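Topology and contacts: notes
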Amino acid sequence: MALGNQFKTDELGGTAFSATYTKEQYPLGTLAIQQADEVVAANSSHEGDRVWVFVKANVELTVNEVVSRVVGTSAFLGTEGVVANTYSEVLGVANHTIAASSYGWIIRRGCCEVLADGSATQGVDQMCVASGRVSDMTSGLEARVIGNALDTDAGAGSLITLWLQLA
């Protein structure tokens with residue numbers, strides 16, 4: 001079933017979500033759905049639909065890093081490495097590099113790869129919180145939960161598969 005918001009993906013040969021722009025190609029905050037068959041075709045260990053959001057990078061956004069909103073600015077101006085105090089400040093996870101002051105798509109919901117911060121071993125099915133990278137949730141951090149780990153990390157800087165659950 002084709003969705004109306006996927007025509008650009010088809011025109012670009014399925015690479016629309018990894019394209020970056022120097023101008024605001026779509027309105028900031030635009031959401032687009034990538035169907036499960038495209039997600040699995042890109043990475044056979046992933047599953048389910050994926051929701052993307054169009055953002056502007058305040059600094060260079062690097063692949064597999066959690067992207068947070070720049071507090072006090074546009075709701076869709078993203079940065080990384082900033083502690084997200086609440087779930088609502090996290091915009092998503094970068095699936096590719098977006099240069100500073102450029103625009104592009106980041107993953108808002110669904111299966112993705114993300115870097116672990118190494119502060120504690122992230123186990124399968126543990127809830128994850130964000131602070132640039134992800135770590136397991138400890139008491140008092142419930143408001144910062146962004147998803148669940150689908151595998152176990154191997155220390156700081158290792159990749160884990162995450163089911164990202166941002167609204």
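Before reading on, note that the structure itself is shown above.
To start, this report covers the structure provided alongside it. (Residues numbered from 1 in each chain as written. Predicted model: local features only at pLDDT ≥ 70, side-chain atom pairs only at ≥ 80, totals over all residues. Heavy atoms only, no water.)

**Some details on the overall build of the protein**
We count it as follows: Only DSSP runs of H or I with at least four residues qualify as helices, and only runs of E with at least two residues qualify as strands; both kinds are numbered from the N terminus onward. Relative accessible area decides the class of each residue, using a 1.4 Å probe on protein chains only: under 20% of the type maximum gives buried, over 50% gives exposed, and in between gives partly exposed. All accessible-area figures derive from a Shrake-Rupley calculation using a 1.4 Å probe, and residue coverage is judged against the displayed protein chains alone.
Scanning the protein for helices and strands turns up 2 helices and 11 strands. For the protein, the α and β elements follow one another from N to C terminus as α-β-β-α-β-β-β-β-β-β-β-β-β. Across the 167 residues in the protein, those meeting the buried criterion constitute 44%. About 7700 Å² of surface is accessible on the protein, with carbon and sulfur atoms providing 53% of the total.

**Focus: the nonpolar core**
Put simply, the rule reads: Here, the term nonpolar core denotes a set of buried Ala, Val, Leu, Ile, Met, Phe, Trp, Tyr and Cys residues that are joined through side-chain atoms within 4.5 Å. The contact criterion used throughout is that any non-hydrogen atoms of two residues lie within 4.5 Å.
Counting 23 residues, the largest nonpolar core has Val-66, Trp-105, Ile-146, Leu-162 and Leu-164 as its most contacted members. When residues of this core are traced back to their parent elements, those giving at least two are β3 (50–57), β6 (90–93), β7 (103–115), β8 (127–130), β10 (145–149) and β11 (159–165). The element best represented in this core is β7, accounting for 5 residues. Excluding residues that lie within four positions of it along the chain, Leu-162 makes contacts with Gly-110, Cys-111, Cys-112, Val-114, Cys-128, Ile-146, Gly-147, Asn-148, Ala-149 and Leu-150. Membership of the second largest hydrophobic core comes to 9 residues, among which are Ala-57, Val-67, Ile-98 and Ile-106.

**Overview of the packing of aromatic side chains**
What counts here: In this analysis, rings of Phe, Tyr and Trp, with Trp reduced to its six-membered ring, are considered paired at centre separations within 6.5 Å, and the interplanar angle assigns stacked below 30 degrees, edge-to-face beyond 60, and tilted for intermediate values.
Counting across every chain of the model gives 8 aromatic pairs. Their ring planes at 85 degrees and their centres at 5.6 Å tell us that Phe-17 and Trp-105 sit as a pair that is edge-to-face. Separated by 88 residues along the polypeptide, Phe-17 in the loop between α1 (7–11) and β1 (20–21) and Trp-105 in strand β7 bring together distant segments of the chain. Among the residues examined, Phe-17 registers a relative accessible area of 6% and is labelled buried. Overall, the relative accessible area of 4% leaves Trp-105 in the buried class. Judged by centre distance (5.2 Å) and plane angle (55 degrees), the ring pair of Tyr-26 and Trp-105 falls under tilted. Residue Tyr-26 is located in the loop between β1 and β2 (31–34), and its partner Trp-105 is located in strand β7; the two are separated by 79 residues in the primary sequence.

**Topic: the state of the cysteines**
Rules: The rule for a disulfide is simple: a pair of cysteine sulfur atoms within 2.5 Å.
Taken as a whole, this structure holds 0 disulfides when the rule is applied. Left without a disulfide partner, Cys-111 is nearest to the cysteine sulfur of Cys-112, which lies 6.8 Å away. Judged by relative accessible area, Cys-111 falls into the buried class, the value being 1%.

**Quick notes on the environment of Ser-158**
Along the polypeptide, Ser-158 turns up in the loop between β10 and β11. The sequence separation of Ser-158 and Ala-116 amounts to 42 residues, and the corresponding C-alpha distance is 5.5 Å.

**Concerning the environment of Phe-76**
With respect to the helices and strands, Phe-76 occurs in the loop between β4 (66–69) and β5 (77–80). Along the backbone, Phe-76 and Leu-91 are 15 residues apart, and their C-alpha atoms lie at a distance of 7.4 Å.

**A word on unusual backbone geometry**
Of note, Asn-64 is a non-glycine position whose phi angle comes to about 70 degrees, a positive value. Within the element layout of this structure, Asn-64 appears in the loop between β3 and β4. One non-glycine residue, Ser-101, adopts positive backbone phi at about 65 degrees. The topology assignment puts Ser-101 in the loop between β6 and β7. Overall, the relative accessible area of 48% leaves Ser-101 in the partly exposed class.

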